[in-house]
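An overview of the molecular structure
Spelled out from the first residue to the last, the chains are:
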Amino acid sequence: MIAYLLNLATLATVFGILAASLNLLIGYAGIFSIAHAVFFGIGAYTGAQLAILFIPDVLLACLAGGVLAGALSLCLALPALRVRGEYFVAASLGLQMMAVTLFSEAHSLTGGHGGLVGIPMPTLFGIDISEPATFLVFCLLVLGGVLLAIRMLMRGSFGRALMAIRDSESAAEAFGKDVPRLKTLAVGLGCTLAGVAGALFAFYMAFVNVESFTLEQSILVMAMVIIGGTATLAGPLVGVLLLLLLPAALSFLPFIPPTQIGAVQQLIYGGAMTLLMIFRPAGLAGQSTGRR
Amino acid sequence: MTDLPLSVRGLNKKFGGLTAVQDVDLDLQAGICTALVGPNGAGKTTIFNLITGNIPPDAGEVLVNGKPVRGMVPHRIARMGVARSFQDLRLFGRMSVRDNVLAAIEHSAWLWQPGGGAARRAREAAVDAALDRTGLTALADARAADLAYAERKFLSMARILATGGRIWLLDEPASGLDPHSRARFVSLVRSAVADGVTICLIEHNLDIVTELATRIAFLDRGAKLAEGEPQAILRDPELIGIYFGERRT
Ligand SMILES: Nc1ncnc2c1ncn2[C@@H]1O[C@H](COP(=O)(O)OP(=O)(O)OP(=O)(O)O)[C@@H](O)[C@H]1O
Ligand SMILES: [Mg+2]
């Protein structure tokens, strides 16, 4: 039971980083990307390869995964600069689909459908941190750092500029905001953090394959952010806890046959999102302003 | 002539087959309020959009302080001191009143602003002053989207005030205001003019135009039909006929 809980807590922490990073895009910058799992995946593959080929240092893996995901985020920044709203959603969907194909076909880099197996135990400066509790503590520290950084940036001028662009791009421009640059920065930062989460995920799973980086994953993370509450610090975490604990809780309910859990889960997610958007559009942790 | 704050030469813009702006020349004299008057669809807002770089002109040029701004992106033109309001306000709706104004004056597109604490305090002082002059101090923490109509209009003025920009383009800033708010608005613009700000005001209410404008440019169907002192323009029966005639249809 303890092992199970540690496991769940680690997964929630990794997804907490991932959801917080997507919140940067969706909540603050108004960039509705449904390709976030791509950058999670890039971080995971990078971290995994680094560990397999060179050294399983988790800090190094996070750095490498973050840097590569951040660099490749230009693929997402380019459409984000040219189109908005539903057009960007479609463009990011295209990117997501392309990436899944590349992940499954680029055998030498990603191991194809089989994925990368045998990722060594994580170390930190040569010290083994593969013990579940130790690894959880490390993940929590990363999450804490990420949340602190996001909080500082979003309460400062960078956050205000992003929110201004989100609320009215033309007015932001008229008040001297370099919109392309700010958006590129936001996308770069959000995707870098997704890459960091990916690297941690690779060590957590000890193997990675394309199944974890599909459109469904992107949608799940987006659901976490939206249900929890966009543009708040706590929102994404609330969303993660809810959407990760829900399946766990459901599996304890005796009257749902195990084979149906997936379907029940989907119904609950879908229903919750629809109802929430109607009655509490700012999300669970968002300030309730009521309907005007 | 090059030291005019803003001048527009031979400006043309077509949207598909529709000529929105045709051969418009316009000079804003320093430190006065120039009104753009004309019926709906005359091309007034389009002229603002051409000046601020939001849309590219088909022909013609815009000079800010004598410098051509052709091909410049809007945020560069804004940083030359050109501040504008929008007919539909375009406030930063989910942000607080204070953050709306603060965001309007933080220009650095980096993770933080240069200049450290001193610069930050100067910005905060500018925000406080702008909120004070627009009567929004008590609402500083309210969400922009939750403000009442007149308050939103004043917030859009506060954003401009705080920038310290010397050229203001105001697109129907007083439309729909109650008489009391309108009087406050007029005194706000008057004190800006007294401070030497150059203003171009789009306004349908001819009383406000008479109160504020030193010059009027009259537009119809994209073309400038006349320009001059308010008395001359507003007493021209032909122009007034176009203005009220077209507005009724
Ligand atoms: N982006 C655009 N695309 C196509 N047509 C446009 C665009 N912007 C303006 N127009 C058209 O150009 C003409 C001039 O519009 P503009 O908004 O400049 O008028 P206006 O003088 O500001 O009118 P109002 O007093 O109603 O605000 C109108 O016929 C309008 O429909
Ligand atoms: Mg207009």
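The shown structure was predicted, so the numbers you read here are calculated from the model rather than taken from an experiment.

So, how was this worked out
- Residues numbered from 1 in each chain as written.
- Chains lettered and ligands numbered in written order.
- Predicted model: local features only at pLDDT ≥ 70, side-chain atom pairs only at ≥ 80, totals over all residues.
- Heavy atoms only, no water.
- Helix = DSSP H or I, 4+ residues; strand = E, 2+ residues; numbered from the N terminus.
- Rg over C-alpha atoms; globule rule 2.2 N^0.38 Å.
- Contact = heavy atoms within 4.5 Å.
- Pairing = 2+ DSSP bridges.
- Buried area = accessible area lost by both parts, 1.4 Å probe.
- Salt bridge = Lys/Arg side-chain N within 4 Å of Asp/Glu carboxyl O.
- Polar contact = N/O pair within 3.5 Å; in protein donor to acceptor, adjacent residues only side chain to side chain.
- Nonpolar A, V, L, I, M, F, W, Y, C, P; charged D, E, K, R; others polar.
- Near = heavy atom within 4 Å.
- Areas by Shrake-Rupley, 256 points an atom, 1.4 Å probe, with all protein chains shown as cover.
- Donors = N, O, S within 2.8 Å, 3.2 Å for Na, K, Ca; no water.
- Buried < 20%, exposed > 50% of the residue type's maximum accessible area, 1.4 Å probe, protein only.
- Axes fitted to C-alpha atoms, helices over the stretch in contact; angles between N-to-C directions.
- Parallel < 35°, antiparallel > 145°, perpendicular 65-115°, else oblique.
- Left-handed = near helix turned anticlockwise from the far one by under 90°.

**Some points on the overall build of chain A**
Assigned secondary structure in chain A consists of 13 helices and two strands. Against the compact-globule benchmark of 19 Å for 292 residues, chain A has a radius of gyration of 19 Å, which places it among compact chains. Across its three principal directions, the C-alpha atoms of chain A cover 55 × 45 × 35 Å. Partitioning the contacts of chain A with sequence separation of at least 6, the portion at a separation of at least 24 is 77%.

**As for the pairing of strand β1 (residues 6-15) of chain B**
All names here are of chain B. The pairing of β1 with strand β4 (residues 59-64) spans five bridges and is classified as antiparallel. Within β4, the position partnered with N12 by the bridge is A59. Pairing of β1 with strand β2 (residues 18-28), which is carried by seven bridges, proceeds in the antiparallel orientation. By the bridge assignment, L11 is partnered in β2 with V24. Taking the residues between adjacent antiparallel strands as the criterion, β1 and β2 are bridged by two residues, where G16 takes a positive phi near 60 degrees.

**Overview of the interface of chain B and chain A**
The partner chain A presents 25 residues to the 31 residues of chain B that form the contact. Between chain B and chain A, the buried area comes to about 2,600 Å², and carbon and sulfur atoms account for 59% of it. Connecting chain B to chain A are one salt bridge. Between E106 of chain B and R160 of chain A there is a salt bridge; the shortest N-O distance is 2.7 Å. Linking chain B to chain A there are ten residue pairs in polar contact (both at pLDDT 80 or more). Taken together, the elements giving at least two residues each to the side of chain B that touches chain A come down to α2 (74-79), β6 (82-84), α3 (97-105) and α5 (149-163) of chain B. Class assignment for the residues of the side of chain B that touches chain A results in 16 nonpolar, six polar and nine charged.

**Brief notes about the site of ligand 1**
Residue and element names in this part refer to chain B. Contacts to ligand 1 come from 13 residues, most closely from N40, K44, T45, T46 and Q87. Separating an oxygen atom of ligand 1 from a side-chain N or O atom of T46 is a distance of 2.5 Å. E172 places a side-chain nitrogen or oxygen 3.5 Å from an oxygen atom of ligand 1. In the complex, 62% of the free accessible area of ligand 1, which totals 630 Å², lies under the protein chains. Taken together, the elements giving at least two residues each to the shell around ligand 1 come down to β2 and α1 (44-51). Here the shell around ligand 1 is composed, by residue class, of four nonpolar, seven polar and two charged.

**Some thoughts on the coordination of the magnesium ion (ligand 2)**
Residue and element names in this part refer to chain B. Distances from the magnesium ion (ligand 2) to its protein donors, namely T45 (OG1) and Q87 (OE1), fall within the range 1.9 to 2.2 Å. Within this pair, whereas T45 is found in helix α1, its partner Q87 is found in the loop between β6 and α3, the two being separated by 42 residues in sequence. When its relative accessible area of 25% is taken as the criterion, T45 is described as partly exposed. A relative accessible area of 40% places Q87 in the partly exposed class.

**Some details on the packing of helix α1 (residues 2-28) of chain A against helix α12 (residues 235-250) of chain A**
Residues and elements named next belong to chain A. Relative to each other, α1 and α12 sit at 140 degrees, their axes nearing to 8 Å. In this view, α1 runs oblique relative to α12, as classed from their interaxial angle. Every pair of crossing elements has a handedness; the one defined by α1 and α12 is right-handed. Here Y4, L8, L11, A12, F15, G16, A19, A20 and N23 of α1 come into contact with α12, specifically with P236, L237, V240, L241, L244, L245 and A248.

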